[in-house]
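Working through the structure, step by step
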Amino acid sequence: MIEIVDLKKNYKSVQALKGIRLRVASGELFAYLGPNGAGKTTTIRILTGLTRPSGGQAYIGGYDVAKEPMKAKRHQGLVPQHVNLDAELTVEENLVIHGRLHGMSRDDIRRRIEELLDYVALKEKRDSLVKRLSGGMKRRLMIARALLHHPVVLFLDEPTVGLDPAIRRRIWTLIKKIQQDGVTIFLTTHYIEEAEFLADRVAFIDEGSIVALDTPRHLMESLGQWAIDSYRDNAMVTQYFADRESARRYGEEHKNGYTLRRVNLEDAFLAYTGKKVS
Ligand code: ATP
C-alpha cells in the first residue's frame, strides 16, 4: 500500500533523508520511530505531497506521490503533529469544510459525519466550537476529519502528543479500531510504548537512514528477554539477558540495588539509535 524506494531529501546543506527504502502492506499498522531531527516528518511530508523528494520514489496505493499527487492524495488522510482545526468553527463545520475541499457530495458528507462522530464519540459535541474542546477531543476530531473522505491509508504524526495517559489509551483503542476496519496506518510517535502496543512492524530511523526494521517482538528479542537496570559510576546502566535467572544473579552483584524487568521496545530503540528519546 505504501512503497518507498531510495527516498532522499536535501535542505541546502542538510541531508534529511539519505535513501529510505520500505514497504507497508495493506491493513498493516507501521510505526516510524526516531530521535528528534531523524527525518520522520520529512518522510510524511513527502508521502502526503507537502514537499517534493530530492531523489527516489514514493507510492501510495500504486500512485507516485510526485507524479500523480492528486490520485495519491485521494487515498490518504493525514493527522498532522500540530492541531490545525478552525477554532472559531464548530465540530461539524470543520468536518463539512474538509468534505467540500475533497469534492464530496453533500449527502456523502452528511452520512459520513454521522458515522464518524459516533465512531470517535463526539456526537454530543457536534455544535460545540472547537476552541471549547479538550485536547483529547481535538485529537479525536482531527482523526475523524482525516477519515472523512474514505482514505485507505492514514498518516498519524504524533497523534497523542501532550495527552494524559488515560486519554492516550482511548486514542490507542480508536487507532486499533481504524486498523481493524481495514485502513493501513503509518504512525510516528515519541512514545515508544505506543508503538510497542500498536504496531505490527517498526522502523527505527536515525540521521536520515533506517537503522532497523522488524516486528516489535523481534527488535526486543535481538537484545534478550530480561533487563537489569543498575546505578554504577554515577550513571544508569542497563544489561540484557536471555533468561531471568542469569539476570537476577547479575543484579545480586550490585550493592546499590537493581531493577529486574522485561526488555521493552524503548531498550531496542536506544540500542539501535544510541540516543535518548526527547
Ligand atoms: P522531530 O521528532 O523533532 O519532529 P523529525 O524526525 O520529524 O524530528 P524532520 O523534521 O524530518 O525530523 O527533520 C529532519 C532534518 O531536516 C533535521 O535536521 C531538520 O532540522 C531538517 N529540516 C526539516 N525541515 C527543514 C526545512 N524546511 N529547512 C531546512 N531544514 C529542515
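Residues numbered from 1 in each chain as written. Predicted model: local features only at pLDDT ≥ 70, side-chain atom pairs only at ≥ 80, totals over all residues. Heavy atoms only, no water.

**With respect to the domain arrangement of the protein**
Filter applied, for reference: Each domain's extent is set by a domain assignment, obtained either automatically or from a database.
The assigned domain composition of the protein is domain 1 (2-218) and domain 2 (224-262). Spacing between the C-alpha centres of domain 1 and domain 2 amounts to 38 Å.

**Brief notes about the site of the ligand**
As a reminder of what qualifies: Near is defined per residue: the residue qualifies when any heavy atom it owns lies within 4 Å of the molecule or strand. Whenever two N or O atoms come within 3.5 Å, that pair is a polar contact, provided that in protein one can donate a hydrogen and the other can accept it, and provided that, for residues adjacent in sequence, both atoms are side-chain atoms. Computed with the Shrake-Rupley method and a 1.4 Å probe, the accessible areas treat only the protein chains shown as cover for residues. The helix count covers DSSP runs of H or I at least four residues long, the strand count covers runs of E at least two residues long, and both are numbered beginning at the N terminus. Amino acid classes used here: Ala, Val, Leu, Ile, Met, Phe, Trp, Tyr, Cys and Pro are nonpolar; Asp, Glu, Lys and Arg are charged; the rest, including Gly, are polar.
Around the ligand lies a shell of 13 residues, among which Gly-37, Gly-39, Lys-40, Thr-41 and Thr-42 are the nearest. Take Gly-39: an N or O atom from its main chain is 2.9 Å from an oxygen atom of the ligand. Residue Thr-41 places a main-chain N or O atom 2.8 Å away from an oxygen atom belonging to the ligand. Out of a free accessible area of 640 Å², the ligand has 61% covered by protein chains. Contributions of two or more residues to the shell around the ligand are made by β2 (14-24) and α1 (40-47). It is α1 that contributes the most residues to the shell around the ligand, 3 residues altogether. Its residues placed into classes, the shell around the ligand shows 5 nonpolar, 7 polar and 1 charged.

**Thoughts on the nonpolar core**
One broad rule of soluble globular proteins: the nonpolar side chains tend to lie buried together. Condition: Note on terminology: a nonpolar core comprises buried Ala, Val, Leu, Ile, Met, Phe, Trp, Tyr and Cys residues joined through side-chain atoms within 4.5 Å. Each residue gets one of three labels from its accessible area relative to the maximum for its type: buried under 20%, exposed over 50%, partly exposed in between, using a 1.4 Å probe on protein chains only. Two residues qualify as a contact provided that any one of their heavy atoms is within 4.5 Å of a heavy atom in the partner residue.
Counting 49 residues, the largest nonpolar core has Leu-33, Leu-154, Ile-178, Phe-204 and Leu-265 as its most contacted members. Broken down by element, the residue count for this core peaks at 6 residues, all from helix α5 (residues 135-147). Not counting the four nearest positions on each side in its chain, Ile-178 is found in contact with Tyr-119, Ile-143, Leu-147, Leu-154, Val-183 and Ile-185. The next biggest cluster of nonpolar side chains, apart from the first, holds 22 residues, and it includes Ile-4, Ile-44, Val-153 and Phe-155.

**Digging into unusual backbone geometry**
Even without a glycine there, the phi angle at Glu-207 is positive, about 45°. With respect to the helices, strands and loops of the structure, Glu-207 is situated in the loop between β9 (201-206) and β10 (209-214). Phi is positive for Asp-233, close to 45°, though the residue is something other than glycine. In this fold, Asp-233 is placed in the loop between β11 (226-232) and β12 (235-241).

**Section: the pattern of salt bridges**
Side chains bearing opposite charge may pair, as long as their charged atoms lie close to each other. What counts, and what does not: A pair is scored as a salt bridge if a Lys or Arg side-chain nitrogen falls within 4 Å of a carboxyl oxygen belonging to Asp or Glu.
Scanning all chains against the criterion turns up 17 salt bridges. One salt bridge in this structure joins Glu-245 and Arg-249, with 3.8 Å as the shortest N-O distance. You can see Glu-245 and its partner Arg-249 sitting in helix α9 (residues 244-252), 4 residues apart, about one turn around the helix. The class of Arg-249 is partly exposed, set by a relative accessible area of 49%.

**Things to note about the sheet that holds strand β4 (residues 55-60)**
Within a sheet, adjacent strands bond to each other through the backbone by hydrogen bonds, running parallel or antiparallel. This is how the line gets drawn: The rule for pairing is simple: two strands pair if DSSP sees at least two bridges between them. Axis angles are defined between N-to-C directions and span 0 to 180 degrees, where every axis is a line fitted to C-alpha atoms and, for a helix, only to the segment in contact.
If you trace the 4 strands from one edge of the open sheet to the other, you get β2-β1-β4-β5, paired in antiparallel fashion. Looking at which strands have only one partner, the edges of the open sheet turn out to be β2 and β5 (63-64). With 8 bridges joining them, strand β1 (residues 2-11) and β2 adopt antiparallel strand pairing. When the sheet's bridge partners are listed, Ile-4 is paired in β2 with Leu-22. Packing of α1 onto the sheet brings it into contact with β1, β2 and β4, and relative to β1 it is tilted by some 115°.

**Describing the environment of Asn-10**
By secondary structure assignment, the location of Asn-10 is in strand β1. Note: C-alpha distance between Asn-10 and Pro-151 (141 residues apart in sequence) is 29 Å. When sequence neighbours within four positions are dropped, the list of residues in contact with Asn-10 reads Gln-15 and Ser-54.

**Quick notes on the packing of helix α3 (residues 91-101) against α5**
What counts here: Orientation labels follow simple angle bins: below 35 degrees gives roughly parallel, above 145 gives roughly antiparallel, 65 to 115 gives roughly perpendicular, and whatever is left gives oblique. What makes a crossing left-handed is the near helix being turned counterclockwise from the far one by less than a right angle; a clockwise turn instead makes it right-handed.
The geometry of α3 relative to α5 is characterised by a closest axis approach of 9 Å and an angle of 25° between their N-to-C directions. If you check the angle between α3 and α5, you find them roughly parallel. α5 is crossed by α3, and the crossing has right-handed handedness. Between α3 and α5, the contacting residues are Val-91, Leu-95 and His-98 on the first element and Leu-141, Ala-144 and Arg-145 on the second. Tallied by class, residues from the contact of α3 with α5 come to 4 nonpolar, 1 polar and 1 charged.

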